[in-house]
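Residue strings, one per chain:
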Amino acid sequence: MKSNNIHQEAYRHNLSYNTRRHFLRECRTGMGMLALGSLLDGCNFFSNAENELLAKNPLAAKPSPLLGKAKSVIFLHMAGAPSQLEMFDYKPELQKMDGMDCPDSFIQGKKFAFIRGVPKLLGPQASFKQYGESGIWLSNHMQHFQSVVDEVSLLKAVSTDQFNHAPAQLLMHCGTPRLGRPSMGSWVTYGLGSENSNLPGFVVLTSGGRNPDAGKSVWGSGFLPSVYQGVQCRSEGDPVLFLKDPNGYDRDLRKSSIETINKVNELSYEEYKDPEILSRISQYEMAFKMQIAVPDVMNISDEPAYIHELYGTKPGKESFANNVLLARKLVEKGVRFVQLFDWGWDSHGTDPGTALDQGFVEKCRENDQAVSALLIDLKQRGLLDETLVVWGGEFGRTPMQENRDGKQNSFKGRDHHSDAFCMWMAGAGIKKGFTYGETDPIGYNPIEGKVTVHDIQATILQQLGFDHTAFTYPFQGRNFRLTDVFGKVIDPIIS
Amino acid sequence: MKIFIGHLHPLLVHLPIGIWIIYLLIEFLKTRNQYKQIDFIIKIVFYTGAISAVASIITGLINANQQGYPTNDVFNHQWMAIGTSVLFLIFFYIRNHFTLRTVLVNSFLILLFMLISITGHLGGILTHGEDYFSIQNDEKKVIKPLAIQHINEALIYKDLVQYIFDKNCLSCHGQNKQKGNLRLDTYDHIMSGGKSGKVIQLSNLEKSELIKRILLDQSDEKHMPPKDNMQLETFEIQMLKWWVSNGAETSSKVKDISADTLMIRSIKQFHDAFSQINDVASIKRPMLDEIEANTLKKIQSLGWSLIPLSKDDHYYRAVAFNVEDSIGNALKTLSEISKNIIELKLSFSNLNDKDAIQLSAFRSLEKLWLDHTLITSKGLENLKQINNLNYLNLFACSINERDLSNYSDRRDLKLVYPNMKDTAWKIADTTELTAIKKQLP
């Protein structure tokens, strides 16, 4: 065939690819896709009602299904697992047994992260006294906490079933030691939204120079729309990276470019109905608003001097104290869930930094002042009535001194222990100055008032106004919940 | 599905009872010679009865596992039913294969009639309760639905707490039966306790055996009500706890409780569950109509975050974090629905005394946050008419104690204000703060 010009030739050439084979293939996949589309729709794959809601504002504040005392949560996670035996759980018996071989019955059939063979018992590396009207025992590492101890409910027999950091952290925050589930903060912002649309509903702050072992999954959104994932803010330098406009790029131009991008995104949402497009749209919008709001709220240098003195904060540095103060500032501005991770509590005793009589004491000192200050500050602002503060690690530490690979460690340290550890909660309808749970004389096993990680989660949800058994999200054909099929609200600590 | 099948039991049981009683009647008539011709129908009637009996037993067994009935009563009913059915079969077999004397047949018929009646009665006890079928307690003992005309006027002990006891506890701790020597049917009995002493220690939850037993884990032997019985609802537990911790007294009414407590929500849920009178929304607050969608949209477009306080009663918490316009104008627009606003959060807004004039319109307010605003004592004048206000946050405002003297008689008002000294006002006291500051390095 003779062609007039190169365009016609190309056109004809192109047509010749559309063979009968092509037609059949298109029929097969095309019809298949049609069928699949309707099938998936039937399985609620594109749940449109939900999407319509999301389209408006996925983070709009929603009422809680039940009356909740808490409007916000500050979860202080001591990543690495602090030693309960040097902070809250006073065991004079253990002191007497210091240096003795651990009885066989305690190690038989148990798995430890590092302990091998027969370890020696290690007495408390701190002195204890009772404080407050409640008479809660505290170690000498917690000088400031003494004065706020009557505000908290101390759980002394928390247990988990994971003895390594990453899975235990996942269990604590996502309700399962495996990856893929939404974190507590995501569940909460999904359920309640946020009262301030200029700020993320779920903010994560880390300190101690390291992210938690479980990585960003502990503030991930899992199968929930990704708009509910935690936003990690830095307490040093720019709080959120790449948020600043480049030089010569003004806010109006930024605004119109975001509007245009979102219009294009809305078109493709109309076409594909993928909820992640909506997440993207609202994230662009939020990023734009955050450009103003975040630097303002993340700036602690405006705080009065007495506040800095109270918390022990030094503006401009990354520190746990700075993060605690930021947590208060964020909650004050309507942020729903603030998640703090502080690395450095993994006191194995392999080096001075992880020694119970050196690095650990330093960690306690830093932690003690900031955390006590937080409770006082929240209280004086009237925020403690509606802010739930939770403090804890992912597990506890053994009453035995760690003997890594059978050899005594060079410093005093303890191995991971999953059966019994301490956590506390305060504010938002939690009993004041109350202790729940008791461990055996050496602090190895709970003997009374044992609670699990799922019980903690159920209690947090309850204080926010959720029935943890009814708060679900459908995914892959079944309803998922944070506490999976476990969890019981810890009624005794609720006032 | 299983539950559904189980629920067919109360329906099906009537068939074997009815049909087999007819069968007994026919057998009786058969013993009289003139009715000999009915022989042909007797098998049809018996077999129909037998099939329905089997169906009843199967559904009954399913139901027994689903419902929280007392184990003993279920046991009796279950084995009576199975035993009676077997006896019917034996009797039918004998009647068809042997010739018996009329007297013997008649006494068998009477026995079977009695057995089937007793079985039915035992079943009735399970569903209707022991007191349902008794003449002496004709009116007194039947648990009536909560019949309170005005929930606000209801007495907490007499109308609510005692109702919970009546409903859940009296079958074992009442007039007829007193397990552990405990009676919960009158106030005096409740207070005098049981075998192991007092069950309620005024204002002391931890020492009140009654509350302790209720809160114990269900698997615990001492948990009350016993494992297999109807359990208390969370809101009922909440109400009992409140009642005990507030002195277990008899005179206070629902309207005396402050509005924002778990207790009020529990009473609402309780009322929802047991009352036939639909005035739930009116607890503490008047009933309101739904707000027009356009009005809501207009308000929200100003940046107001409006959060319903509960599902259907159209009361809102309004938060001003995202209001971009001047707060005075925004409040003016919001005041269109001022009746509906119970909580108003104006923290960090640049509200000044002039804007505060708008606040006087919000008469329904119960909680107000004015922290970090520019308001002074002059602006606070506008709050005088808000009688329901029970929480006012003035943190970081330029207001001093003297400005708040107007509120000194308002003991129900919780003020948050950093320089307050009067501890009767339940505020964060600064003494604590200075104590801490002294300890700092």
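Everything below is about the structure printed above this text.
Below is a summary of the structure that appears in this document. Remember, predicted model here, so these are calculated numbers, not experimental data.

### Re the overall build of chain A
A tally of regular secondary structure across chain A gives 13 helices and 17 strands. Taking all 495 residues of chain A together, 55% fall into the buried category. Here chain A displays about 21,400 Å² of accessible surface, and carbon together with sulfur accounts for 53% of that area.

### Observations regarding unusual backbone geometry
Residues and elements named next belong to chain B. Note the cis peptide between M224 and P225, where omega equals -10 degrees. Along the chain, the position of P225 falls in the loop between α9 (209–215) and α10 (234–245). The phi dihedral of A248 is positive, around 45 degrees, even though this residue is not glycine. Residue A248 is classed as buried on the basis of its relative accessible area of 0%. One non-glycine residue, H372, lies in the positive phi region at around 60 degrees. Mapped onto the fold, H372 is located in the loop between β4 (367–369) and α15 (377–380).

### Quick word on the packing of helix α3 (residues 14–30) of chain B against helix α6 (residues 102–128) of chain B
Residues and elements named next belong to chain B. Contact geometry of α3 with α6 gives a least axis separation of 10 Å together with a crossing angle of 170 degrees. The angle between α3 and α6 places the two elements in the roughly antiparallel class. Viewed along their axes, α3 and α6 form a crossing whose handedness is left-handed. Across the interface between the two elements, P16, I17, W20, I21, L24, E27 and F28 of α3 pack against N106, L109, L112, F113, I116 and G120 of α6.

### Describing the interface of chain B and chain A
Listed by partner, the interface residues are 32 residues for chain B and 34 residues for chain A. Both sides of the chain B and chain A interface together cover about 3,300 Å² of buried area, and 55% of this is carbon and sulfur. Counting the contacts that link chain B with chain A gives four salt bridges. In this structure, the salt-bridge partner of A:E195 is B:R317, at a minimum N-O distance of 2.6 Å.

Reading the values: rules and limits
Residues numbered from 1 in each chain as written. Chains lettered and ligands numbered in written order. Predicted model: local features only at pLDDT ≥ 70, side-chain atom pairs only at ≥ 80, totals over all residues. Heavy atoms only, no water. Helix = DSSP H or I, 4+ residues; strand = E, 2+ residues; numbered from the N terminus. Buried < 20%, exposed > 50% of the residue type's maximum accessible area, 1.4 Å probe, protein only. Areas by Shrake-Rupley, 256 points an atom, 1.4 Å probe, with all protein chains shown as cover. Axes fitted to C-alpha atoms, helices over the stretch in contact; angles between N-to-C directions. Parallel < 35°, antiparallel > 145°, perpendicular 65-115°, else oblique. Left-handed = near helix turned anticlockwise from the far one by under 90°. Contact = heavy atoms within 4.5 Å. Buried area = accessible area lost by both parts, 1.4 Å probe. Salt bridge = Lys/Arg side-chain N within 4 Å of Asp/Glu carboxyl O.

Don't take any of this as a statement about function, it's just geometry.
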